[in-house]
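Structural overview
The chain contents come next:
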Amino acid sequence: MVIKPKVRGFICTNAHPVGCATSVEQQIAYIEEKGSLGDGPKNVLVIGSSTGYGLASRITSAFGYGAKTLGVCFEKAPTERKTGTAGWYNTAAFHQQASKKGLYADTINGDAFSDEIKAQTIDKIKANMGKVDLVIYSLASPRRTDPDTGVVYKSTLKPVGREYTTKTYDTDKDKVHDVTLEAANDDEILNTIKVMGGEDWERWMDKLAEAGVLAEGCKTTAYTYIGKALTWPIYGQATIGKAKEDLDRAAAAIIGKNTELLVEANVSSLKALVTQASSAIPVMPLYISLMQEVMKRDGTHEGCIEQIHGLFTTCLFGDTPTLDEANRYRMDGIETNDVTQAKIQALWDKVTQENFHELSDYAGYHHEFLKLFGFDIEGVDYEQDIDPLVKW
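Notes on the structure in this doc start here. The shown structure was predicted, so the numbers you read here are calculated from the model rather than taken from an experiment. (Residues numbered from 1 in each chain as written. Predicted model: local features only at pLDDT ≥ 70, side-chain atom pairs only at ≥ 80, totals over all residues. Heavy atoms only, no water.)

Describing the packing of aromatic side chains
The final tally for this structure, using the stated rule, is 12 aromatic pairs. Summarising the aromatic geometry, the rings of Phe375 and Tyr382 are spaced 6.0 Å apart at their centres and angled 35 degrees between planes, so their arrangement reads as tilted. Summarising the burial analysis for this pair, Phe375 and Tyr382 share the class buried. An aromatic cluster of at least three residues, connected via ring pairs, comprises Tyr169, Phe356, Tyr362 and Tyr365. The aromatic ring of Tyr104 is capped on one face by Lys68, whose charged end is 5.7 Å from the ring centroid. (Phe/Tyr/Trp six-rings, centres within 6.5 Å; stacked < 30°, edge-to-face > 60°. Buried < 20%, exposed > 50% of the residue type's maximum accessible area, 1.4 Å probe, protein only. Lys NZ or Arg CZ within 6 Å of the ring centre and 35° of its normal.)

Description of the pairing of strand E5 (residues 105-109)
Of all five residues that make up E5, four are buried, and the element is covered over most of its length. Two elements, strand E4 (residues 68-73) and E5, share five bridges in a ladder whose sense is parallel. In the sheet register, Leu70 faces E5, and the bridge partner there is Asp106. In this fold, the crossover linking E4 to E5 by way of helix H3 (residues 86-100) has right-handed handedness. (Helix = DSSP H or I, 4+ residues; strand = E, 2+ residues; numbered from the N terminus. Pairing = 2+ DSSP bridges. Right-handed = clockwise from strand over helix to strand, strands pointing away.)

Re the pattern of salt bridges
Under the defined criterion, the tally for this structure stands at 25 salt bridges. Across the salt bridge formed by Glu383 and Lys4, the nearest N and O atoms sit 3.0 Å from each other. On the criterion of sequence distance, the pair formed by Glu383 in the segment after helix H14 (362-371) and Lys4 in the segment before strand E1 (7-8) is long-range, its members being 379 residues apart. On the basis of relative accessibility, which here comes to 55%, the residue Glu383 falls in the exposed class. (Salt bridge = Lys/Arg side-chain N within 4 Å of Asp/Glu carboxyl O.)

Considerations on the environment of Ala272
Looking at the secondary structure, you find Ala272 in the loop between strand E12 (264-269) and helix H8 (276-279). By relative accessible area, Ala272 is classed as buried at 4%. Put simply, Ala272 and Gly227 are 45 residues apart on the chain and 7.6 Å apart in space, counted from C-alpha to C-alpha. The contact partners of Ala272, leaving out residues within four places of it in the chain, are Tyr225, Met284, Tyr287, Ile288, Met291 and Glu335. (Contact = heavy atoms within 4.5 Å.)

Given below as structure tokens:
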């Protein structure tokens, strides 16, 4: 079939296998161009391994350090009539490239929140890796089923304490307008913490420790976004913010439970990027479009692979980690510093429906959005007849 993007609102309902493979190959090339990254992980588990920062972490581990990698993700396989998800094709491409280099790579496809998938993962580690020395937690999901109770929790994107009115950009209607978000109630806050907080990360580490598959000195990190004043009302001072606070609690709990193994657990705060999740969050398409305009102009813009390369080489396995008062690794300083934020704020104050495309990098935002699904990538022939059936 000839595969063209099918965009509905803030999601794309299909993906391009060749485009996804090309994107993965570009990220691998970036890491390989850096040469040897020195001492690092040998056996890596990436929970949420198929897209975004999780995928970049897997690529950096394998092609930067030569590590064995085991991924966990939840992706839809292609059929003869429908494409698979982008994460499916990303994973297939990763496996293919790892095989060429003689690198061990395996992936479990299923609900990472479930104890069944945790058990399958432990079996794979025991059989093929022995023990893991790095665990990356990079899950993004709107809902989670509690494995103990069977209760399904759903996250909510709302401010806490009071309603909030701000500017936003509707990508569907190409419209800058004001949006008012009503305040979350207690149940919505609890649900969001259950889905996006640290409970499942902690559960993963508990299960791995109980099974004896954590190496001494194992490092683990969970990814988050903290932001600054313009995004605090929908991030820091909102339901997501409450969930992210719970990640800090979980990091401390993981360290406390694994003192004999000398496990290191840190939350990593990364810069804002175009992702499926951020596209759905009010404020973020407008904020990221203006942020990219400023940071590209200043020569400071970084994507997934650049951020993760920096995290691994300076923080996780480097001598110059940037830590904040909550013991989080901070890779977002290039975005959240006062100078950059002041420039973004100045554009934010000026932006209107009439001047949005002039003041922002929405063209870049839209390109990055399409690229998530393997589209709008230079060198890919989108008129070519493509077989959507790709196996891992």
